[in-house]
Amino acid sequence: MTLFSVEGKTVVVTGGSRGIGRMIATGFVEAGATVYISARKTAEVEQTAKELGCVAVPADLSTPEGVDTLVAAVDGPLHVLVNNAGAAWGAPLEEYPEHAFDKLWNINVKGVFFLTQRFLPQLRAAAGAEDPARVINIGSIDGIRVPSVENYAYSASKSGVHMLTRHLARQLAREHITVNAIAPGPFESKMMAFALDDPAIRETVTSSVPMGRIGRPDDMAGAAIYLSSRAGAYLTGAVIPVDGGISC
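Each value, and the rule that gives it
Once a new chain begins, its residue numbering starts again from 1 and follows that chain's sequence as written. Note on the predicted model: pLDDT of at least 70 is required for a residue's local features to be given, and 80 or more for side-chain atom pairs to be given and counted; whole-chain, interface and lining totals, by contrast, use all residues. Values reported for side chains reflect all heavy atoms of the structure, with hydrogen atoms and water molecules removed beforehand. Secondary structure elements are taken from DSSP: a helix is a run of H or I of four residues or more, a strand is a run of E of two residues or more, and numbering for both begins at the N terminus. The globule rule is 2.2 Å times the number of residues to the power 0.38, and the radius of gyration it is compared with is taken over C-alpha atoms. Contact between two residues is taken to exist if any of their heavy atoms lie within 4.5 Å; hydrogens are not considered. All accessible-area figures derive from a Shrake-Rupley calculation using a 1.4 Å probe, and residue coverage is judged against the displayed protein chains alone. We treat two strands as partners when DSSP finds at least two bridges between them. In this description, a line fitted to the C-alpha atoms serves as the axis of each element, helices being fitted only across the stretch in contact, and the angle between N-to-C directions of two axes falls anywhere from 0 to 180 degrees.

(A) Geometry of the overall build of the chain. For the chain, the helix and strand inventory stands at eight helices and seven strands. Taking 248 residues into account, the globule formula puts the C-alpha radius of gyration at 18 Å, and the chain, at 17 Å, falls close to it. Seen through its principal axes, the chain has C-alpha atoms that stretch 50 × 40 × 35 Å. For the chain, the proportion of contacts with a sequence separation of at least 24, taken over those separated by at least 6, is 68%. Total accessible area computed for the chain in this model is approximately 12000 Å², and 55% of it derives from carbon and sulfur atoms.

(B) Main features of the sheet that holds strand E3 (residues 55–58). On the basis of which strands lie adjacent, the open sheet formed by seven strands has the order E3-E2-E1-E4-E5-E6-E7 and parallel pairing. Looking at the sheet topology across the chains shown, the edges are occupied by E3 and strand E7 (239–242). Ignoring which end each strand starts from, the neighbouring axes of this sheet average 20° apart. Where helix H4 (residues 98–126) meets the sheet, its contacts fall on strand E1 (10–14), strand E4 (80–83), strand E5 (133–138) and strand E6 (177–184), and the angle it forms with E4 comes to roughly 170°.

What is shown is where atoms sit, not what they do.
See the structure below:
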């Protein structure tokens, strides 16, 4: 199974203490990678790292100091950067606040750009023609189709993540660094808890998925591992929906 091997690679997963980030980190650890996870809450990220067998880096990536902390913690070449840390905001149109756009733009888009920028020396050190370094940005199907909920800044920022992914992919391709995005549908996460913790709403969400179920941890980990392995070495600039067919 060397086609899908990520054994021995060094991987950073932001927002890795829970939800989709934890799913991805778990998959990489189980596949033999050395994994660093970051999150703002020290106790939470350290507990997750202990449970998974990876390295915890408490850091607020919305600040330059937090970015410095994470970059300094990763020693040597970086084979895979997973930009997963993000935020959401829902409110009715007439009440939607301006600061929601500021917060989500800063975290969901600027955070992805500047962390990638800071890690470029370590990504370049890991990059090769046969085995590129990889950047994986976590977007959303809400950045592909118009969502049914009023999350204006979130959907706009995730659409921005998708275009940023394509732009970075074009720029970095000749340096043997691939940049792709995963656009998740419904998965068990804090962002989806408002819906999935309510049995009636959960059933509505589930019934809207053509494949008839909520995403599982292996669905998310599998997509990230594919993009990071030899199997995904020739793919860059792609936005891959992992959504059970919702965006079809």
